[in-house]
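For reference, the chains in residue letters:
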Amino acid sequence: MAQFVITGTGTDIGKTVFAAGLTGLIGADYWKPVQTGVTGDGPAPQGSDAAFVRAMTGARIHDSLAVLPEPLSPHRAAELAGVTLEPETWTIPQADPLVIEGAGGVLVPMTRKILSADLFARWGIPVVLVAATGLGTISHTATAVESLRGRGVILHGIAFVGEDNPDNIATIAELTGARVLGRLPRLDPLTPDALRAAMRAAFDPRDFA
Ligand SMILES: Nc1ncnc2c1ncn2[C@@H]1O[C@H](COP(=O)(O)OP(=O)(O)OP(=O)(O)O)[C@@H](O)[C@H]1O
Ligand SMILES: C[C@H](N)[C@H](N)CCCCCC(=O)O
Ligand SMILES: [Mg+2]
């Protein structure tokens, strides 16, 4: 079963763009269990990550379990919306392949008791960590890797997003021992064709079989 969780060293790091690229590269379905900062229902509410992925790839989208209006951590957005998230009851869509995008970074709370990494470990699904390439990424990425491993997450590898920085990438690989899956440059314009071409140039679908 080729299912992968996409997490990141933080919010706004490039998880959705990479997830869209991977979804297209391996012909996967896409699922964003919890979407915050968006209103609306259905599989791809306007402004959601799922809407972006569908627009970029046409992939099959599985409904989010919660779409919460406040652009905050899921635990807090849920509290403010009067919603109780119960991650222990969530079941993974039986799609193969499937790309699952987390919310924000590796330790973002789904509830005040269950952090994102705890959920990923519970699922036992390999996790791809999206990381930046510039100044600051060494500590951010090494910290995220330690957090994931410390909570029993299967780390599939690191996908970098940003301009090339060979020594940062090599240093992170050496420090963490994690597999470097590839590097997606910043695309301008960010179009479906540009993303498809960039993913094919930078990543090997056999690494996600
Ligand atoms: N490779 C890229 N080329 C061009 N723009 C990018 C790229 N990756 C990310 N961006 C831009 O950076 C911003 C953040 O990216 P993205 O939405 O993928 O982050 P994220 O990690 O999914 O955020 P969130 O935690 O909210 O889910 C967006 O405006 C996106 O268009
Ligand atoms: C609103 C944002 N775009 C994401 N959906 C949620 C990010 C949560 C970050 C929480 C934190 O690390 O402080
Ligand atoms: Mg996203």
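These numbers come from a predicted model, not from an experiment. Every chain is numbered on its own, with residues counted from 1 as its sequence reads. As they are written, the chains are lettered A onward and the ligands numbered 1 onward, keeping that order. Given that this is a predicted model, residues contribute local features only at a pLDDT of at least 70 and side-chain atom pairs are listed and counted only at 80 or more, while totals for whole chains, interfaces and linings are drawn from all residues. Side-chain metrics in this entry use all non-hydrogen atoms of the structure; hydrogen atoms and water are not considered.

S.K.: Looking at this model, I keep getting lost on the coordination of the magnesium ion (ligand 3). Mind explaining?
M.R.: A metal bound by six donors in octahedral fashion has ideal angles of 90 or 180 degrees, whereas one bound by four tetrahedral donors has an ideal angle of 109.5 degrees. For the magnesium ion (ligand 3), the protein coordination sphere consists of Thr 16 (OG1), Asp 49 (OD) and Glu 101 (OE), at 1.9 to 2.3 Å. Here a donor is any nitrogen, oxygen or sulfur atom (N, O, S) within 2.8 Å of the metal, with 3.2 Å used for Na, K and Ca; water is not among the atoms considered, so some sites may look incomplete. Coordination of the magnesium ion (ligand 3) draws on donor residues from a single chain, spaced T-x32-D-x51-E in sequence. In this pair, Thr 16 sits in helix H1 (residues 15-26) while Glu 101 sits in strand E6 (residues 98-105), placing the two residues 85 residues apart along the sequence. Each helix is a run of H or I in the DSSP string that is no shorter than four residues. Each strand is a run of E no shorter than two, and both are numbered from the N terminus.

S.K.: It is not clear to me how the nonpolar core should be interpreted in this structure. Could you clarify?
M.R.: Nonpolar side chains tend to gather and get buried jointly when the protein is soluble and globular. In this structure, Ile 100, Trp 123, Leu 129, Leu 148 and Ile 158 are the most contacted members of the largest nonpolar core, which totals 35 residues. Counting only elements with at least two residues in this core, the list comes to strand E5 (66-68), helix H3 (74-81), E6, helix H4 (116-123), strand E7 (127-132), helix H5 (137-150), strand E8 (155-161) and helix H6 (166-176). Considering every element that reaches this core, the biggest residue donor is H4, with four residues. Not counting chain neighbours up to four residues away, the residues in contact with Leu 129 comprise Thr 7, Gly 8, Thr 9, Val 106, Thr 141, Ala 144, Val 145, Leu 148, Leu 155, Gly 157, Ile 158 and Ala 159. Among buried residues, the Ala, Val, Leu, Ile, Met, Phe, Trp, Tyr and Cys ones that are joined through side-chain atoms within 4.5 Å form a nonpolar core. Only protein chains enter the accessibility calculation, which uses a 1.4 Å probe. A residue is then buried if its area is under 20% of the maximum for its type, exposed if over 50%, and partly exposed in between. Residue contacts follow a heavy-atom distance rule, with two residues in contact if any of their heavy atoms lie within 4.5 Å.

S.K.: What's the story with the UniProt feature "active site" (unreviewed entry) in the chain in this structure? I'm lost.
M.R.: In the UniProt entry, the feature "active site" (unreviewed entry) is given for Lys 32. For Lys 32, the position within the fold is in the loop between strand E2 (29-31) and strand E3 (34-36). When its relative accessible area of 5% is taken as the criterion, Lys 32 is described as buried. Residues in contact with Lys 32, not counting those within four places in the same chain, are Asp 49, Ser 64, Leu 65, Glu 101, Gly 102 and Ala 103. UniProt positions are given in the numbering used here, feature names are shortened, and annotations may be inferred rather than shown by experiment.

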